[in-house]
Amino acid sequence: MSSSDILERPDVRESDTGNANEVFHYVKKNKIAESAVMGNMVEALCGEVFPVTKSPKPGSPVCPACTEVYNQLKK
């Protein structure tokens, strides 16, 4: 797997919940559009499974477990 295969961080929530603990996850890039259009579930690097419902904004919090796995893949 190349690092260019994992670029996007879709959200795990249906809508804005205002939850300060809400985080975004790293997911294989080619699965994001499919999930957003078809409603298919995606699996994040940390293992969490969810449908893509929105895109992250710059500065959005990222799942620490996903970040750790992603950083190991880049080496």
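Structure report, in brief. (Residues numbered from 1 in each chain as written. Predicted model: local features only at pLDDT ≥ 70, side-chain atom pairs only at ≥ 80, totals over all residues. Heavy atoms only, no water.)

Brief notes about the overall build of the protein
Quick note on the threshold: Put simply, DSSP H or I for four residues or longer makes a helix, DSSP E for two residues or longer makes a strand, and each gets a number counted from the N terminus. Burial classes follow relative accessibility: with a 1.4 Å probe on protein chains only, a residue under 20% of its type's maximum area counts as buried, one over 50% as exposed, and anything between as partly exposed. Contacts are assigned to residue pairs with any non-hydrogen atoms lying within 4.5 Å of each other. Per-residue and other accessible areas were derived by the Shrake-Rupley procedure at a 1.4 Å probe size, with only the shown protein chains allowed to occlude residues.
Across its full length, the protein carries 2 helices and 4 strands. What you see in the protein, going N to C, is helices and strands ordered as β-β-α-β-β-α. Buried positions account for 27% of the 75 residues belonging to the protein. Intrachain contacts of the protein at a sequence separation of at least 6 include 45% that bridge at least 24 residues. Total accessible area computed for the protein in this model is approximately 4900 Å², and 50% of it derives from carbon and sulfur atoms.

Quick word on the state of the cysteines
So the rule is basically this: The disulfide criterion is simple: two cysteine sulfur atoms within 2.5 Å.
Under the criterion given, the structure shown has 0 disulfides. Free cysteine cysteine 63: the closest other cysteine sulfur is in cysteine 66, separated by 3.9 Å. Just so you know, cysteine 66 is unpaired, no disulfide at all, and the nearest cysteine sulfur is the one on cysteine 46, 3.6 Å from it. For cysteine 66, a relative accessible area of 0% translates into the label buried.

Here we look at the packing of aromatic side chains
For clarity, the cut-off: Ring pairs are drawn from Phe, Tyr and Trp, using the six-membered ring of Trp, whenever the two centres fall within 6.5 Å, and their geometry is named by plane angle: stacked under 30 degrees, edge-to-face over 60, tilted for the rest.
Scanning the model with the defined rule gives 1 aromatic pair in all. Plain terms: the ring middles of tyrosine 26 and tyrosine 70 are 4.5 Å apart, the flat faces sit at 5 degrees to each other, and that makes the pair stacked. Of this pair, tyrosine 26 sits in the loop between strand E1 (6–8) and strand E2 (27–28) while tyrosine 70 sits in helix H2 (residues 64–74); the two residues are 44 residues apart in sequence, bridging distant segments of the chain.

A few points about the environment of phenylalanine 24
Within the fold, phenylalanine 24 resides in the loop between E1 and E2. Each C-alpha atom, one on phenylalanine 24 and one on cysteine 66, is 8.9 Å from the other, the two residues being 42 residues apart in sequence.

Observations concerning the nonpolar core
Quick note on the threshold: Among the buried residues, those of types Ala, Val, Leu, Ile, Met, Phe, Trp, Tyr and Cys that are joined through side-chain atoms within 4.5 Å form a nonpolar core.
Ranked by size, the top nonpolar core spans 11 residues in total: Val23, Tyr26, Val27, Ile32, Val42, Ala44, Phe50, Val52, Cys63, Cys66 and Tyr70. When sequence neighbours within four positions are dropped, the list of residues in contact with valine 42 reads Val27, Lys31, Ser35, Glu48, Val49, Phe50 and Val52.

Here's the deal with the side chain of histidine 25
Our working rule: Here a polar contact is taken to be a pair of N or O atoms separated by no more than 3.5 Å, where protein atoms must pair a possible hydrogen donor with a possible acceptor and residues adjacent in sequence count only if both atoms sit in side chains.
If you trace the backbone, histidine 25 turns up in the loop between E1 and E2. Separated by 3.4 Å, the side chains of histidine 25 and glutamate 48 make a polar contact.

Side note on the environment of methionine 41
When you line up the elements, methionine 41 lands in strand E3 (residues 41–43). Taking the C-alpha atoms as reference points, methionine 41 and proline 51, separated by 10 residues in sequence, lie 4.4 Å from one another. Among residues more than four places away in sequence, those in contact with methionine 41 are Val49, Phe50 and Pro51.

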